[in-house]
Amino acid sequence: MKSDIRVCADWEREHDRPVYTLTDTCPDCGAEAVNSAPAPFSPEDSYGEYRRSLKRRRRE
C-alpha cells in the first residue's frame, strides 16, 4: 500500500521543520515531495542485499 502523505525532499535545507503535503511538489518551495513512510521490513527480504550495498556505495 502506497502512502499518500509526502514530505519535501529539501526540507533540511529550505525549511526549519518538515513540510508535509499530499501533492507531488512542496507547496512552500516547489521542490519534489517524496514518500514519507519507511520501506516495509520483512525477514525474507529478497532485495535486502542489493539495497544495503547501494546504501554503502552512497555513503562513500
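The text that follows walks through the structure, step by step, so that each part is easy to find. (Residues numbered from 1 in each chain as written. Predicted model: local features only at pLDDT ≥ 70, side-chain atom pairs only at ≥ 80, totals over all residues. Heavy atoms only, no water.)

## Details of the overall build of the protein chain
So, step 1. From N to C terminus, the protein chain includes two helices and three strands.
So, step 2. Moving toward the C terminus, one meets the helices and strands of the protein chain in the order β-α-β-β-α.
So, step 3. Considered along the principal axes of its C-alpha atoms, the protein chain spans approximately 40 × 30 × 15 Å.
So, step 4. When each of the 60 residues of the protein chain is scored for burial, the buried share is 18%.
So, step 5. Across the protein chain, contacts joining residues at least 24 apart in sequence account for 29% of those joining residues at least 6 apart. (Helix = DSSP H or I, 4+ residues; strand = E, 2+ residues; numbered from the N terminus. Buried < 20%, exposed > 50% of the residue type's maximum accessible area, 1.4 Å probe, protein only. Contact = heavy atoms within 4.5 Å.)

## What about the sheet that holds strand S2 (residues 20-21)?
Paired through backbone hydrogen bonds, the strands of a sheet run either parallel or antiparallel to each other.
So, step 1. Here we have three strands laid out as an open sheet, ordered S2-S1-S3, and antiparallel in their pairing. Two strands lie at the open edges of the sheet, namely S2 and strand S3 (33-35), each paired on one side alone.
So, step 2. Examined bridge by bridge, strand S1 (residues 6-8) and S2 share two bridges and lie antiparallel to one another. The residue bridging Val7 from the neighbouring strand is Tyr20, located in S2. (Pairing = 2+ DSSP bridges.)

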